[in-house]
Amino acid sequence: MIPGTFDYHSPDTLDEAIKLLNDLGEDAKVLAGGHSLLPMMKWRLAEPTHLVDISRLSDLDYIKEENGYLCLGAMVTESALENSELIAAKYPILKDTSEVIADPLVRNLASVGGNIAHGDPANDHPATMLALNAIVVVCGPNGSKREINIDDFFLGPLWTALQDNEILTEIKIPIPKQYSGGCYIKLERKVGDYAIAACAATLDFENGQCISAGIGLTNVGPTPVRASDSQNMLVGTDVSDEIIEKASVLASETSQPVGDHRGSEEYKRGVVKTLTERAIMKAKNRALGGN
Amino acid sequence: MAKKSITININGTPRSGEVEDRLLLVHFIRDDCALTGTHIGCDSTHCGACTVLLDGTAVKSCTVLAVQADGREVSTIEGMEGAALHPLQEGFFEEHGLQCGFCTPGMIMSAKHLLDNNPKPNEEEIRCGISGNLCRCTGYQNIVKSVQYASNKIQESESVGGE
Ligand SMILES: Cc1cc2nc3c(=O)[nH]c(=O)nc-3n(C[C@H](O)[C@H](O)[C@H](O)COP(=O)(O)OP(=O)(O)OC[C@H]3O[C@@H](n4cnc5c(N)ncnc54)[C@H](O)[C@@H]3O)c2cc1C
């Protein structure tokens, strides 16, 4: 299978890349790791006439803490996240997530920015980023820059708040407090498959009480789903087993799965409940110093 | 139709060509360079038969454009043998790591990436390292043994060399 014809552009700087996108209009697409875009082009599900390769822009490849945030450059690969000591030590939920994306070969090229910019509710990072209350940094023409709250980013299947002439440059995640923990759990049919369903959970505690919670769900709706009722159930409690059970039922009710080759709607709701329960439990253990 | 001149260093030899922008790296390797050891299996980024090293990192060459590899280094199965078989090749031979052999070049390139980054992987790490490569014959058991063989062999030769 070979993609349709297009012109390939390999700009040297971010400004050049944005200018190209701006000049070329809606027929141009950003090429990052290419592991969602090129397969779609082979199937003719996408037929851009121009590709603007941002993988050679070295200034989009960093993992660092700055001004209260963990900052991930858009071109950080899943493998880099998986192998980062900082991520393993302080953001295990991100390691959980990158480790279950596709397979190691795909992860060597797939970028975290692409995983989010693609806007596929089956991708794994979006739910994690919901649970982490991430901020998406986007650059546009004439040096413009805006920050989009993750809750305003995903608009529909393969549809995000990004404009055709914008590039997602960074993802910002608030640095966790002392008693914070998160976890991502995914059920897949086999290595390399998209989720039947998955749950990302984060919890912040103060004096033994949960002061904030984030629950994001993968592949059970037209966009990644924030389970707000479930979050509300947890806040202000000590996150007992009984509360966890109730919160997971709420997550299952909030999810909007559709029956397909990965299972019936009913089955997927059951999976959401079980995974949410496990994810909250593990997040709690991590927050309070266990594993 | 858009064309670009590219030069890719494949197994230490610069290979130049005028290629269509949409040409996939695997086709450049097989058709333009006649290095047919790299296989095309599923053509949909699943099977890993087309695995090569791009600047030392294992990637599926059916999902990389040849123009993306311009100016970079690619290693394929043909580059593995030096004066003798590479320990991985020897391992697959000694431990019966293949039956039909179709997945083998990709399997070996993935295993090369694994051992370059983790010279003494345990069984689980080996299984994870090759999880992007499908084999329909062996049940993976002997492939794991082949990689273990290579890992041991490399350790031994390094400790001998170091004395
Ligand atoms: C076999 C296989 C299995 C997979 N399994 C999973 C899985 O289990 N879970 C999962 O989450 N993903 C999975 N993926 C998808 C993979 O992780 C993708 O590569 C990733 O989602 C997209 O990242 P990319 O860098 O490859 O983006 P690309 O494919 O280059 O781009 C994807 C889209 O996002 C746009 N884009 C990319 N980066 C930017 C940016 N910085 N700014 C603006 N727009 C941008 C592109 O224009 C394009 O429309 C799988 C892929 C394959 C091939």
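Numbers given for residues are sequential positions, taken from 1 along each chain in its written order. Labels are handed out in written order, letters beginning with A for the chains and numbers beginning with 1 for the ligands. The predicted nature of this model means local features are confined to residues of pLDDT at least 70 and side-chain atom pairs, given and counted, to a pLDDT of 80 or more, with totals for whole chains, interfaces and linings taken over all residues. Only hydrogens and water are set aside when side-chain values are computed; all heavy atoms of the structure are taken into account.

> Looking at this structure, I do not really get the overall build of chain B. What am I missing?
Helix numbers and strand numbers start at the N terminus; a helix is a DSSP run of H or I with at least 4 residues, a strand a run of E with at least 2. What chain B contains, in helices and strands, is five helices and five strands. Going from the N terminus to the C terminus, chain B shows its helices and strands as β-β-α-β-β-β-α-α-α-α. To get the radius of gyration, use the C-alpha atoms; to get the globule rule, take the number of residues to the power 0.38 and multiply by 2.2 Å. Computed over the C-alpha atoms, the radius of gyration of chain B is 16 Å, within 12% of the 15 Å expected from 2.2 N^0.38 for a compact globule of 163 residues. Considered along the principal axes of its C-alpha atoms, chain B spans approximately 55 × 40 × 20 Å. Taking as baseline every contact in chain B between residues at least 6 positions apart, the subset at least 24 positions apart corresponds to 55%. Note on areas: Shrake-Rupley, 1.4 Å probe, and residue coverage restricted to the protein chains presented here. As displayed, chain B offers around 7,400 Å² of accessible surface, 48% of which is attributable to carbon and sulfur atoms. By definition, residues are in contact when any of their heavy atoms lie within 4.5 Å.

> In this structure, what is going on with the packing of aromatic side chains? I would like to understand it.
In this description, a pair of aromatic rings is defined by centroid distance and the angle of the planes. All names here are of chain A. Each aromatic pair joins two rings of Phe, Tyr and Trp (for Trp, the six-membered one) with centres within 6.5 Å, and gets the label stacked for planes under 30 degrees apart, edge-to-face for over 60, and tilted for any other angle. Taken as a whole, this structure holds one aromatic pair over all chains when the rule is applied. Ring centres of Phe-153 and Phe-154 lie 5.2 Å apart, and the angle between their planes is 90°; on these two criteria the pair is classed as edge-to-face. You'll find Phe-153 and Phe-154 in the same group, each marked buried. Counted as over-ring charges are cases with an Arg CZ or a Lys NZ within 6 Å of the ring centre that also lie within 35 degrees of the ring normal. In this structure, Lys-64 is placed above the aromatic ring of Tyr-62, and the distance from its NZ or CZ to the ring centre is 4.4 Å. It is Lys-172 that lies over the ring of Tyr-69; its NZ or CZ is 4.5 Å from the centre. Burial classes follow relative accessibility: with a 1.4 Å probe on protein chains only, a residue under 20% of its type's maximum area counts as buried, one over 50% as exposed, and anything between as partly exposed.

> Looking at this structure, how should I read the layout of surface pockets?
Unoccupied space between atoms shows up once a probe the size of one water molecule is rolled over them. In this analysis a 1.4 Å probe is tested at points of a 1 Å grid over the protein atoms alone, and where it fits but cannot get out there is a cavity; an open set with protein on both sides within 12 Å along at least five of seven lines is a pocket; lining residues have an atom within 4 Å of a point. Grid points are joined across faces, edges and corners, and a volume is the space filled by probe spheres set on the points. Estimated volume of the second largest pocket: approximately 1,100 Å³. If you go around the second largest pocket, you meet 39 residues; those closest to its centre are Ser-79, Asn-83, Pro-104 and Asn-108 of chain A together with His-113 of chain B. Polar here means any residue outside two lists: the nonpolar Ala, Val, Leu, Ile, Met, Phe, Trp, Tyr, Cys and Pro, and the charged Asp, Glu, Lys and Arg; Gly therefore counts as polar. Along the lines of polarity and charge, the residues of the lining of the second largest pocket split into 13 nonpolar, 15 polar and eleven charged.

> I tried to follow the sheet that holds strand 3 (residues 51–54) of chain B on my own but got confused; where do I start?
Note: strands within a sheet are paired through backbone hydrogen bonds, in either parallel or antiparallel orientation. All names here are of chain B. A sheet is described by the order of its strands in space; here five strands give the open sequence 2-1-5-3-4, paired in mixed fashion. For this open sheet the edge positions go to strand 2 (13–20) and strand 4 (57–60), each flanked by a neighbour on one side alone. Strand-to-strand, the axes of this sheet are offset by a mean angle of 40°, without reference to chain direction. Note that strand 1 (residues 3–10) and strand 5 (residues 73–75) share two bridges and pair parallel. Among the inter-strand pairings, Asn-9 is bridged to a residue of strand 5, identified as Glu-73. Lying over the sheet, helix 3 (residues 104–117) contacts strand 3, strand 4 and strand 5, oriented at roughly 35° with respect to strand 3. One requirement defines pairing of two strands: DSSP has to find at least two bridges between them. Each axis is a line fitted through C-alpha atoms, and for a helix only the stretch in contact is used; angles between axes span 0 to 180 degrees, taken between their N-to-C directions.

> Which parts of the structure should I look at to understand the interface of chain A and chain B?
A common way to state how big an interface is: give the accessible area lost once the parts meet. Taken residue by residue, the interface counts 27 residues in chain A and 33 residues in chain B. Summed over both partners, the interface of chain A with chain B buries about 2,300 Å², with 61% contributed by carbon and sulfur atoms. Put simply, a salt bridge is a Lys or Arg side-chain nitrogen that is within 4 Å of an Asp or Glu carboxyl oxygen. At the boundary of chain A and chain B, one finds two salt bridges. With a shortest N-O distance of 2.6 Å, Asp-103 of chain A and Lys-60 of chain B are connected by a salt bridge. Every element with two or more residues in the side of chain A that touches chain B is listed here: strand 1 (7–9), helix 2 (37–42), strand 3 (50–53) and helix 6 (104–107) of chain A. Element by element, the count of residues in the side of chain A that touches chain B is highest for helix 6 of chain A, at four residues. When the residues that make up the side of chain A that touches chain B are grouped by side-chain class, the tally is 15 nonpolar, five polar and seven charged. Defined in terms of a 1.4 Å probe, buried area is the accessible area two parts forfeit on being brought together, summed over both.

> For this particular structure, what's the right way to read empty space enclosed by the protein?
Residues and elements named next belong to chain B. Inspection of the entire model under this criterion finds one cavity of 30 Å³ or more. Put simply, the largest cavity is a space of about 40 Å³. Lining the largest cavity, in full, are His-39, Ile-40, Gly-41, Cys-42, Asp-43, Thr-45, His-46, Cys-47, Gly-48, Cys-50, Lys-60 and Cys-62. For the lining of the largest cavity, the class distribution of residues is five nonpolar, five polar and two charged.

> Sorry, what's going on with the pattern of salt bridges here?
Side chains that differ in sign of charge can pair as their charged atoms come close. All names here are of chain A. Under the defined criterion, the tally for this structure stands at 27 salt bridges over all chains. Arg-286 is the partner of Asp-96 in a salt bridge, and the nearest nitrogen-oxygen pair spans 2.9 Å. With Asp-96 in helix 5 (residues 92–99) and Arg-286 in helix 11 (residues 265–287), this residue pair connects regions lying 190 residues apart in the sequence. The class for Asp-96 is buried, based on a relative accessible area of 14%. Of the residues examined, Arg-286 reaches a relative accessible area of 19% and is grouped as buried. With a closest N to O distance of 2.7 Å, Asp-151 and Arg-226 form a salt bridge. You can see Asp-151 sitting in the loop between strand 7 (145–149) and strand 8 (154–156) and its partner Arg-226 sitting in strand 14 (residues 225–226), a full 75 residues away along the chain. What you see here is one network of salt bridges that share partners, running through Asp-124, Lys-186 and Glu-188.

> Where do I start with the sheet that holds strand 1 of chain A in this structure?
Residue and element names in this part refer to chain A. Reading across the sheet, the three strands line up as 1-3-2 and stay open at both edges, with parallel pairing between neighbours. Only two strands of the sheet have a single neighbouring strand rather than two, namely strand 1 and strand 2 (28–31). Adjacent strand axes in the sheet meet at a mean angle of 25°, parallel and antiparallel pairs treated alike. Bridge count for strand 1 against strand 3 is three bridges, and the pairing is parallel. Its bridge partner lying in strand 3, Asp-7 is registered against His-50. Taken strand by strand, helix 1 (residues 14–24) contacts strand 1, strand 2 and strand 3, and its axis lies near 165° from that of strand 3.

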